[in-house]
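This is what each chain is made of:
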Amino acid sequence: MTLRSLQFGALAAVLLGMTGASAANPLTLTIKDHRFTPAEIHVKADEPSQFVLVNNDSTAEEFDSASLKVEKVVAGNAQGVVRIRPLAPGRYPFMGEYHSETAQGIVVAE
Amino acid sequence: MLATLLIVFREVIEAGLIVGIVLAATKGVPRRGLWVTYGVAGGLAGACLVATFAGEIGSLFQGSGQELFDASVLLLAVCMLTWHNVWMAGHGRALAKEIKGVGEAVSAGERPLGALSIVVGVAVLREGSEVVLFLYGIASQGGTSQAAMLAGGALGLLAGAGASALMYVGLLAVPAHRLFSVTSGLITLLAAGMAAQAVLFLQQGGYLEYLTSTVWDTSWLLKQDSLVGRLLHTLVGYNDAPDGAQLLAYAGTIIVILTLMRWERQHRMGAMPTAAGKADETLSTI
């Protein structure tokens, strides 16, 4: 089990190292009071991108986007990495599924 | 309240459909209720654990712990579904002919039940942990709308369970001699959909970066995040914009399961005329 986790860890480190080089200064998306800041994220089209999702609320949120094909649960006062596949130019809405009346945002690929 | 109801309903029905298929697939097998109960109970306990430690799990592996966890439990379920189908291909016809449910058949019949119990547990764990996180969030927020939202959650739970029960009753309406083929087919597609979903999580976690271009897009016809789209996603792995890696996982799973089932069936038939084969056959038919 430990060896397995170590192997996974090493694999993760290698893979992150590879993607990390292209995203040395990662974007940050913050959740506070069930709203996203910034509510609009610009990424380069046809290139993979990633950002750190920081949840500053005390309750969990699920970053959900059908068009981005991402479903990511982030616990209260926690953070996680959201990876986005290469996108054709366009607008891709996302929401916080648990508070969708306020938690809305959009990724713009250009 | 309506929003809460819908979210809980959606999660419950996604797990409930899988429980319904498992129940239909094990119709007449002794003590299946017990095993399914184990699965649901284990899944609920696991869901609370996962929800409690969601922050810790999420922060593992540089913020990709959730993806790795989801992919792992999905792949575990795929293996268990495969095992069940292959085992049933060897024993199922004999079992279906004479469902008596006594003596040695209990041990023979229970073998795939353990596997299906795990599948039920995984389904309840995945959807349940989201429901727990969501409802916990509502409960801890307070405010005047809290009671209404929790009531919505309870209604969603009931509606989801009711809809899943309908699906089960519907499957039971399938004539007994065809039930085995129908449930085998459903389980194969369920496994294929889960394998593709596991690939999606591995991609989301940054572990798989090949064949990630969308192959086709049917979102104009049926959006995956619509209710029907979600149900089809759970049942047969409907994806409105699959990429190459997901399609490979989907097709590969179907091919592997069908090949193994065929092999097991022929293997069993070939072994039948021998004394050992006969004894084995008797065991599985009682």
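Keep in mind it's a predicted model, so treat the numbers as computed, not measured. (Residues numbered from 1 in each chain as written. Chains lettered and ligands numbered in written order. Predicted model: local features only at pLDDT ≥ 70, side-chain atom pairs only at ≥ 80, totals over all residues.)

Caption draft 1: Representation of the overall build of chain A in the model. Secondary structure summary: chain A contains one helix and nine strands in total. Overall, chain A shows an N-to-C arrangement of helices and strands of α-β-β-β-β-β-β-β-β-β. Of the contacts formed within chain A by residues at least 6 apart in sequence, a portion of 59% connects residues at least 24 apart. (Helix = DSSP H or I, 4+ residues; strand = E, 2+ residues; numbered from the N terminus. Contact = placed C-beta atoms within 7 Å.)

Caption draft 2: Spotlight on the nonpolar core. Residue and element names in this part refer to chain B. If you look at the biggest cluster of nonpolar residues, it comprises 98 residues, and the most contacted ones within it are Ile18, Val22, Val119, Val120 and Ala195. In terms of residue count, helix 5 (residues 105-141) provides more of this core than any other element does, 16 residues in total. In contact with Val120, other than residues within four places in its own chain, are Ile18, Val19, Val22, Val36, Gly39, Val40 and Gly43. (Core = buried A, V, L, I, M, F, W, Y, C linked by C-beta atoms within 7 Å. Buried ≥ 20, exposed ≤ 12 C-beta atoms within 10 Å, placed from the backbone.)

Caption draft 3: Structural detail: the packing of helix 7 (residues 176-204) of chain B against helix 8 (residues 227-236) of chain B. All names here are of chain B. Two elements in contact, helix 7 and helix 8, have axes separated by 6 Å at closest approach and are oriented at 105°. Viewed along their axes, helix 7 and helix 8 adopt a mutual orientation that is roughly perpendicular. Residue-level inspection shows Leu189, Leu190 and Gly193 of helix 7 in contact with helix 8, the latter providing His233, Leu235 and Val236. Of the residues belonging to the contact of helix 7 with helix 8, the class tally is four nonpolar, two polar and no charged. (Axes fitted to C-alpha atoms, helices over the stretch in contact; angles between N-to-C directions. Parallel < 35°, antiparallel > 145°, perpendicular 65-115°, else oblique. Nonpolar A, V, L, I, M, F, W, Y, C, P; charged D, E, K, R; others polar.)

Caption draft 4: Quick peek at the sheet that holds strand 9 (residues 104-109) of chain A. Residues and elements named next belong to chain A. In space, the five strands of this open sheet follow the order 3-9-8-5-6, with mixed pairing throughout. Strands at the two margins of the open sheet, each flanked by one partner only, are strand 3 (40-43) and strand 6 (70-74). Taking each pair of neighbouring strands and ignoring which way they run, the sheet shows an average axis angle of 20°. Two elements, strand 3 and strand 9, share four bridges in a ladder whose sense is parallel. Paired with His42 across the bridge in strand 9 is Val108. (Pairing = 2+ DSSP bridges.)

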